[in-house]
Amino acid sequence: MSLIPTPATKSDAPEASRPLLDGVEKMLGSVPNMFRIISNSPQALEGYLGLNGALANGRLPAATRERIALAIAQRNDCDYCLAAHTYLATNLARLDAAEITANRKGRSNDAKADAAVRFAAQIVEHRGSVGEDAVKTVREAGYSDAEIVEIVAHVALNTLTNYVNEALGTEIDFPQADRLAA
């Protein structure tokens, strides 16, 4: 059970959040608990959806975005986001189990994506202070300056949802993700 109320339905959410939740439902076919708990603050929901939507129209492919989300959720120990992004990575991005495991370990089996995932993991592990060599490595893997900024933005976006879900105990409504072997 979450630590603050999760609106049971869209109509239980604050009025200003309802049109935003309608958009989530139209996009996903349902309104997962994370969106409903964030809807307690229409401004937070609008901010999250705005950044998420903008980055979805960015240069990074959906599969790379999911890879980054998995790496960040693992580093932040967010069970909700691990469950959600394992589901999305499998069913939407069509990543296989070996790739998902690699992503959670902070790498990728795809050479170019590996640089992005490692860079994202370093951002979390070093709280942003990755240094010149890390930026040089991701650039040499073929990422533009715009894409490098997007990687940083995806780390921030995923950290936001990790923190919301962990701080508030969002009830997981996706299939549980398996624990990684030690």
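Relevant structure appears above.
Cut-off values and rules
Residues numbered from 1 in each chain as written. Predicted model: local features only at pLDDT ≥ 70, side-chain atom pairs only at ≥ 80, totals over all residues. Heavy atoms only, no water. 1 Å grid on protein atoms, 1.4 Å probe; cavity = no way out; pocket = protein on both sides within 12 Å on 5 of 7 lines; lining within 4 Å. Points joined across faces, edges and corners; volume = space filled by probe spheres on them. Helix = DSSP H or I, 4+ residues; strand = E, 2+ residues; numbered from the N terminus. Nonpolar A, V, L, I, M, F, W, Y, C, P; charged D, E, K, R; others polar. Phe/Tyr/Trp six-rings, centres within 6.5 Å; stacked < 30°, edge-to-face > 60°. Lys NZ or Arg CZ within 6 Å of the ring centre and 35° of its normal. Salt bridge = Lys/Arg side-chain N within 4 Å of Asp/Glu carboxyl O. Buried < 20%, exposed > 50% of the residue type's maximum accessible area, 1.4 Å probe, protein only.

### Section: the layout of surface pockets
Turning to step 1, where the next piece is worked out: Here the largest pocket defines a volume of roughly 810 Å³.
Turning to step 2, where the next piece is worked out: Lining the largest pocket are 28 residues, and of these Leu-28, Asn-52, Glu-66, His-85 and Leu-88 lie nearest its centre.
Turning to step 3, where the next piece is worked out: Mapped onto the lining of the largest pocket, the elements with two or more residues apiece are helix H1 (18-28), helix H2 (33-38), helix H3 (42-56), helix H4 (62-75), helix H5 (79-91) and helix H9 (145-168).
Turning to step 4, where the next piece is worked out: Looking at the lining of the largest pocket element by element, the count peaks at six residues for H5.
Turning to step 5, where the next piece is worked out: The residue inventory of the lining of the largest pocket, partitioned by class, reads 19 nonpolar, seven polar and two charged.
Turning to step 6, where the next piece is worked out: What lines the second largest pocket is simply Thr-86, Ala-97, Ile-100, Thr-101, Arg-104, Gln-176, Ala-177, Asp-178 and Leu-180.
Turning to step 7, where the next piece is worked out: Considering every element that reaches the lining of the second largest pocket, the biggest residue donor is helix H6 (residues 97-104), with four residues.

### Notes on the packing of aromatic side chains
Turning to step 1, where the next piece is worked out: Going through the model one piece at a time under the given rule, you end up with three aromatic pairs.
Turning to step 2, where the next piece is worked out: Here the aromatic rings of Tyr-80 and Phe-174 are separated by 5.9 Å at their centres, their planes lie at 85°, and the arrangement is edge-to-face. In this pair, Tyr-80 sits in helix H5 while Phe-174 sits in the segment after H9, placing the two residues 94 residues apart along the sequence.
Turning to step 3, where the next piece is worked out: The cationic tip of Lys-112 hangs over the ring face of Tyr-143; the distance from NZ or CZ to the ring centre is 4.8 Å.

### Notes on the pattern of salt bridges
Turning to step 1, where the next piece is worked out: Applying the stated criterion across every chain yields a total of eight salt bridges.
Turning to step 2, where the next piece is worked out: The closest approach of N and O atoms between Arg-179 and Asp-79, which form a salt bridge, is 3.3 Å. Residue Arg-179 is located in the segment after H9, and its partner Asp-79 is located in helix H5; the two are separated by 100 residues in the primary sequence.
Turning to step 3, where the next piece is worked out: We classify Arg-179 as exposed; its relative accessible area is 66%.
Turning to step 4, where the next piece is worked out: With relative accessibility at 27%, the residue Asp-79 sits in the partly exposed group.
Turning to step 5, where the next piece is worked out: One salt bridge connects Glu-140 with Lys-136, and the closest N-O pair in it is separated by 3.9 Å. Linking Glu-140 with Lys-136, this pair stays in helix H8 (residues 131-140), spanning four residues, or about one helical turn.
Turning to step 6, where the next piece is worked out: Owing to a relative accessible area of 60%, Glu-140 belongs among the exposed residues under this scheme.

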